[in-house]
Amino acid sequence: MGETKEGKTAASEGLVKSTKEWFRALTAEEAKRPRIGVALAGGFARGIAHIGVLRVFREAGIPVDMVAGTSVGALIGAGYCAGASLETMESVAAETKFTDFARWTPSWLGLATNQRLEDFLSRFTSARRFESLKTPLAIAATDINVGLPVFYYRKGPIGPPLRASCAYPGLFVPIQFEGRTLVDGFLTALVPYEGLFLLGADVIIAVHLEPGIVGEPRTFTDILSRSFTVIQKHADLEWRRHADVIIEPDVRLYAWDDFTKTHELVSAGEQAAIQALPEIRAVIEAKKKDREGQG
């Protein structure tokens, strides 16, 4: 006999509660606790699922010591690390339109500019520099001239690296910053685990958003997006070998611009994070024992 929806909800609530109690006891020995980092992947509107993941971490008492983000993961990460309410971010996401963070300016380098993204961030937080964040953040971008990832963290303005991390090639004009020509971080840091190593994480929790194919392509951006999706599926996914825990919300049925599906996307993130709680607890317990053994 299948489990009822009410039964599943009760089981999920019980798992979150027991995890919170376990972490409460663990944080009493703060010096022995491994530092937990969360790497948030890109995915345009699908990235709204990150809000659900972070909400479950909050409810389960999982301490997030640092965050690394690519593209929309960098945007969600910036708001979270600044102390913005997850409920506020969900509310803003539900009302978001493409023109809130972009403006069509066709050129040889791209179809639009994402200059408005810096103002969009102000809907979450007034923080403008990495030094102002409450939780350490690393933002991943790609240097298009050398084909390597570049990470921005600890010092400097948030706006230019954030815009660079979200500068989807072909759609958005590249960002010129500190002598580099930068585009979307997903090209070289799909799930930016390296940023967490730079910040000193002991435990790497990777949140990956698997894109799906939703109907026939409607626009140039659909073709562009699907082309990069095909490339990613055949790429060397180095990040999987470095992640201690991988969370993959089921967002395959959502389009890149499905902002109107915000609540469903958040729910997908919550469900995936709840399922990962036992594994997160096991990994942290193992890391804790390793630290004690080394001590």
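Refer to the structure presented above.
Worth saying up front: this structure is predicted, and the values here are computed from it rather than measured.

**Q** Any chance you could break down the environment of Lys287 for me, citing the residues and the numbers?
**A** Inspection of the secondary structure assignment puts Lys287 in helix α11 (residues 262–294). The class of Lys287 is partly exposed, set by a relative accessible area of 26%. Taking the C-alpha atoms as reference points, Lys287 and Arg33, separated by 254 residues in sequence, lie 8.3 Å from one another. Not counting residues up to four positions away in its chain, the partners in contact with Lys287 are Pro34, Asp202, Val203 and Asp244.

**Q** Any details on the sheet that holds strand β3 (residues 103–104)? Residues and values, ideally.
**A** Taken in spatial order, the 3 strands line up as β3-β4-β7 in an open sheet, and their pairing is mixed. One side of each edge strand has no neighbouring strand; the edge strands of this open sheet are β3 and β7 (170–172). Note: strand β4 (residues 110–113) against β7, 2 bridges, orientation parallel. Pairing of Gly110 across the sheet is with Gly170, part of β7.

**Q** Kindly report on the environment of Ala84, identifying the contributing residues and their values.
**A** With respect to the element layout, Ala84 can be found in the loop between α3 (72–81) and α4 (86–94). Sequence separation between Ala84 and Phe124 is 40 residues, and the spatial gap between their C-alpha atoms is 5.7 Å. Not counting chain neighbours up to four residues away, the residues in contact with Ala84 comprise Gly79, Met89 and Phe124.

**Q** Explain empty space enclosed by the protein residue by residue, including any values.
**A** Taken as a whole and assessed by the stated rule, the structure comprises 4 cavities of 30 Å³ or more. Size it by volume and the largest cavity reaches roughly 260 Å³. Forming the boundary of the largest cavity are 19 residues, of which Phe44, Val72, Leu75, Phe101 and Phe259 lie nearest the centre. Elements with a minimum of two residues in the lining of the largest cavity: α3, α4 and α6 (117–121).

**Q** Which residues make up the nonpolar core, and what values do they have?
**A** The nonpolar side chains of soluble globular proteins are, as a tendency, buried together. The biggest cluster of nonpolar side chains holds 99 residues, and the ones touching the most others in it are Phe57, Leu162, Phe172, Ile205, Ile247 and Ile280. With sequence-adjacent residues up to four places away left out, Leu162 is seen in contact with Ala74, Leu75, Leu117, Leu121 and Ile139.

**Q** Requested: an account of the side chain of Asp65, with residues and values cited.
**A** Along the polypeptide, Asp65 turns up in the loop between α2 (49–59) and β2 (66–70). A distance of 2.8 Å separates polar atoms of two side chains, one belonging to Asp65 and the other to Arg33. At 2.7 Å, the side chain of Asp65 and the backbone nitrogen of Ile36 are in polar contact. If near-sequence neighbours (up to four positions away) are discounted, Asp65 is found in contact with Arg33, Pro34, Arg35, Ile36, Thr135 and Pro136.

**Q** Outline the packing of α2 against α3, supporting the account with residue identities and numerical values.
**A** Between α2 and α3, the least distance of the axes is 10 Å, while the angle of their chain directions is 40 degrees. Judged by the angle between their axes, α2 and α3 are oblique. For the pair α2 and α3, the sense of crossing is right-handed. Between α2, through His50, Ile51 and Leu54, and α3, the contact on the second element is made entirely by Gly73, Ile76 and Tyr80. Its residues assigned to classes, the contact of α2 with α3 comprises 4 nonpolar, 2 polar and no charged.

**Q** Account for the pairing of β2, naming residues and giving values.
**A** Within β2, 5 of the 5 residues are buried, leaving the element largely enclosed by the surrounding structure. The two faces of β2 match: Met66, Ala68 and Thr70 on one face and Val67 and Gly69 on the other face are all buried. Taken together, the 4 bridges between strand β1 (residues 36–40) and β2 define a ladder with parallel strand orientation. Bridge pairing in β2 places Leu40 opposite Gly69. With α2 bridging β1 and the parallel β2, this β-α-β connection has right-handed handedness. One ladder, built from 4 bridges, connects β2 with strand β5 (residues 137–143); its direction is parallel.

Quick notes on the rules
- Residues numbered from 1 in each chain as written.
- Predicted model: local features only at pLDDT ≥ 70, side-chain atom pairs only at ≥ 80, totals over all residues.
- Heavy atoms only, no water.
- Helix = DSSP H or I, 4+ residues; strand = E, 2+ residues; numbered from the N terminus.
- Buried < 20%, exposed > 50% of the residue type's maximum accessible area, 1.4 Å probe, protein only.
- Contact = heavy atoms within 4.5 Å.
- Pairing = 2+ DSSP bridges.
- 1 Å grid on protein atoms, 1.4 Å probe; cavity = no way out; pocket = protein on both sides within 12 Å on 5 of 7 lines; lining within 4 Å.
- Points joined across faces, edges and corners; volume = space filled by probe spheres on them.
- Core = buried A, V, L, I, M, F, W, Y, C linked by side-chain atoms within 4.5 Å.
- Polar contact = N/O pair within 3.5 Å; in protein donor to acceptor, adjacent residues only side chain to side chain.
- Axes fitted to C-alpha atoms, helices over the stretch in contact; angles between N-to-C directions.
- Parallel < 35°, antiparallel > 145°, perpendicular 65-115°, else oblique.
- Left-handed = near helix turned anticlockwise from the far one by under 90°.
- Nonpolar A, V, L, I, M, F, W, Y, C, P; charged D, E, K, R; others polar.
- Right-handed = clockwise from strand over helix to strand, strands pointing away.

Shape is all these values report; function is a separate question.
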